Amino acid sequence: MLHDGVALVRFLKWLKEEGVPSGQETELSVDKKLHEFRALQPHYIGESFDTIAGYEEHGAIVHYSATPETDSIIKSKGFLLIDSGAQYLNGTTDITRTIAVGPTTEDENKDYTLILKGHIDLAMSVFPKGTIGRQLDVLARMPIWQQHKNYLHGTGHGVGHFLSVHEGPQSIRMEQNETPLLPGMVTSNEPGIYLEGQYGIRIENLILTREDGSGMFGDYLSFETLTLCPIDKEPIIKEMMTKEEIEWFNSYHHKVYTLLSPFLNDEEKEWLSNATSEL
Ligand SMILES: [Mn+2]
């Protein structure tokens, strides 16, 4: 996670400062650039799946894969959704960020904030041992269900350790799966929203199920977020978030800065410090 986070920070800094302003970069060329940053990291073996880099309306195609025919220039407006991951000898990553590459609309900001709220509400959950993923899935969906919106993919899949990026037995999704979430399991947390022909938004981190102490009727569990990468602050409508969600967000960003900054040069540190400053 540290190595992947360092590569992602270098990539995001490049994308915002050089890539997008050049007016030359495309979905395929930024995918190649991200690969280059990751390949420099220790223990890097390869990608854990084909990158999904979808600009604007391509972000609304859940399993989009750019081809030379569909490849779009990334302009200085709207959202670029990047879902990617890598295999390292010491672990497997899977992360999605939706990046505001320029001004975004009020609707885009509202949907982005709803997805972020669902992501955070799942990440903050505490639950009795024996709980299955389906019982927690509602936490990630409630903010958009309240707007009569939904997404038709799972919220979370298991992730192996230098193994399959999608693996069982646990999951967090609307469909039934009787496997409880147990300490040590790594699962994704990836709510999203897709408006055909317009834009797509997804925010994905990997979460580790951990012991949270005992209480009434037995033991309780919670999640530790493992992925270390800033979540774009630009599209957030702070007034839509609760005090607890803002606190989680700020403390997550504080952790990202604290753990990644020792690996970065001064310029990169300054960029990350701004990207992770408090809401
Ligand atoms: Mn995933």
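Because the structure is predicted, anything quoted here is derived from the model rather than measured.

J.: What is the right way to read the packing of aromatic side chains from this model?
T.: How two aromatic rings sit relative to each other is set out by the distance from centre to centre and by the angle between their planes. Here the structure, examined in full by the defined rule, presents six aromatic pairs. Between F11 and W14 the ring centres are 6.0 Å apart and the planes differ by 35°, which places this aromatic pair in the tilted class. Of the two residues, F11 and W14 both sit in helix α1 (residues 2–22), three residues apart, roughly one turn of that helix. Neither residue differs from the other here; F11 and W14 are each classed as buried. Aromatic side chains F79 and Y199 sit 6.3 Å apart centroid to centroid with 65° between the ring planes, which places their arrangement in the edge-to-face category. One end of the pair, F79, is in strand β3 (residues 79–84); the other, Y199, is in strand β12 (residues 199–202), and 120 residues separate them in sequence. Using a relative accessible area of 1% as the deciding quantity, one classes F79 as buried. Cluster of aromatic residues (ring-pair linked, three or more members): F79, Y112 and Y199. Here R141 stacks its cationic end above the ring of Y151, 3.8 Å away from the centre of that ring.

J.: How should I be thinking about the coordination of the manganese ion in this particular structure?
T.: When a metal holds four donors in a tetrahedron, each ideal angle between them is 109.5 degrees; when it holds six in an octahedron, the ideal angles are 90 or 180 degrees. Around the manganese ion, the protein contributes the donor atoms D94 (OD), H157 (NE2), E190 (OE) and E204 (OE), at 2.1 to 2.4 Å from the metal centre. What makes E190 buried here is its relative accessible area of 8%. Given the relative accessible area of 0%, E204 is considered buried.

J.: Would you mind going over the environment of Q198 with me for this structure?
T.: On the secondary structure map, Q198 appears in the loop between β11 (192–195) and β12. For Q198 and E56, which are 142 residues apart along the polypeptide, the C-alpha to C-alpha distance reads 6.1 Å. In this view, Q198 contacts E56 and E57; residues no more than four positions away in its chain are not counted.

J.: When you look at α1 in this model, what are you seeing that I'm missing?
T.: At 3.6 residues per turn, the α-helix brings residues three or four places apart onto the same side. The terminal C-alpha atoms of α1 lie 29 Å apart, and with 21 residues this matches the ideal 30 Å at 1.5 Å per residue to within 8%. The largest bend in α1 is about 50°, located at L15. Just downstream of α1 lies G23, where phi reads positive at about 70°.

J.: Is there a simple way to explain the sheet that holds β3 in this structure?
T.: By way of backbone hydrogen bonds, the strands of a sheet pair with one another, either parallel or antiparallel. On the basis of which strands lie adjacent, the open sheet formed by three strands has the order β2-β3-β6 and antiparallel pairing. Looking at the sheet topology across the chains shown, the edges are occupied by β2 (52–55) and β6 (95–100). The average angle at which neighbouring strand axes cross in this sheet is 10°, direction not considered. Relative to β6, α1 is tilted by about 20°, and along the sheet it contacts β3 and β6.

J.: What's the story with the pattern of salt bridges in this structure? I'm lost.
T.: Should the charged atoms of two oppositely charged side chains come close, the side chains can pair. Inspection of the entire model under this criterion finds 17 salt bridges. Of the charged contacts in the structure, one is a salt bridge between E56 and K77, with a shortest N-O distance of 2.9 Å. With E56 in the loop between β2 and β3 and K77 in the loop between β2 and β3, this residue pair connects regions lying 21 residues apart in the sequence. Each of K13, E17 and E267 takes part in salt bridges that share partners, so that together they form one network.

J.: Sorry, what's going on with the sheet that holds strand β5 (residues 91–92) here?
T.: Judged by pairing direction, the sheet is antiparallel, and its three strands sit side by side in the order β1-β4-β5 without closing on themselves. Across the chains shown, the open sheet's two edge strands, defined by having one partner strand only, are β1 (44–47) and β5. Relative to strand β4 (residues 86–88), β1 runs antiparallel, the two sharing three bridges. Residue pairing for β4: Y44 is matched across the bridge by Y88. The strands touched by helix α2 (residues 27–39) are β1 and β4; relative to β1, the strand with the most contacts, the crossing angle is about 160°.

J.: Is there a simple way to explain a nonpolar patch on the surface in this structure?
T.: Together, L2, L259 and F263 line one region of the surface with nonpolar side chains, adding up to about 240 Å² of accessible area. Following the sequence through the fold, L2 ends up in helix α1.

Cut-offs and rules
Residues numbered from 1 in each chain as written. Predicted model: local features only at pLDDT ≥ 70, side-chain atom pairs only at ≥ 80, totals over all residues. Heavy atoms only, no water. Phe/Tyr/Trp six-rings, centres within 6.5 Å; stacked < 30°, edge-to-face > 60°. Helix = DSSP H or I, 4+ residues; strand = E, 2+ residues; numbered from the N terminus. Buried < 20%, exposed > 50% of the residue type's maximum accessible area, 1.4 Å probe, protein only. Lys NZ or Arg CZ within 6 Å of the ring centre and 35° of its normal. Donors = N, O, S within 2.8 Å, 3.2 Å for Na, K, Ca; no water. Contact = heavy atoms within 4.5 Å. Expected span 1.5 Å × (residues − 1). Bend = angle between axes of the 7 residues up to and from the residue. Pairing = 2+ DSSP bridges. Axes fitted to C-alpha atoms, helices over the stretch in contact; angles between N-to-C directions. Salt bridge = Lys/Arg side-chain N within 4 Å of Asp/Glu carboxyl O. Patch = residues over 30% accessible without salt bridge, like charges linked within 9 Å, V, L, I, M, F, W, Y side chains within 5 Å. Areas by Shrake-Rupley, 256 points an atom, 1.4 Å probe, with all protein chains shown as cover.

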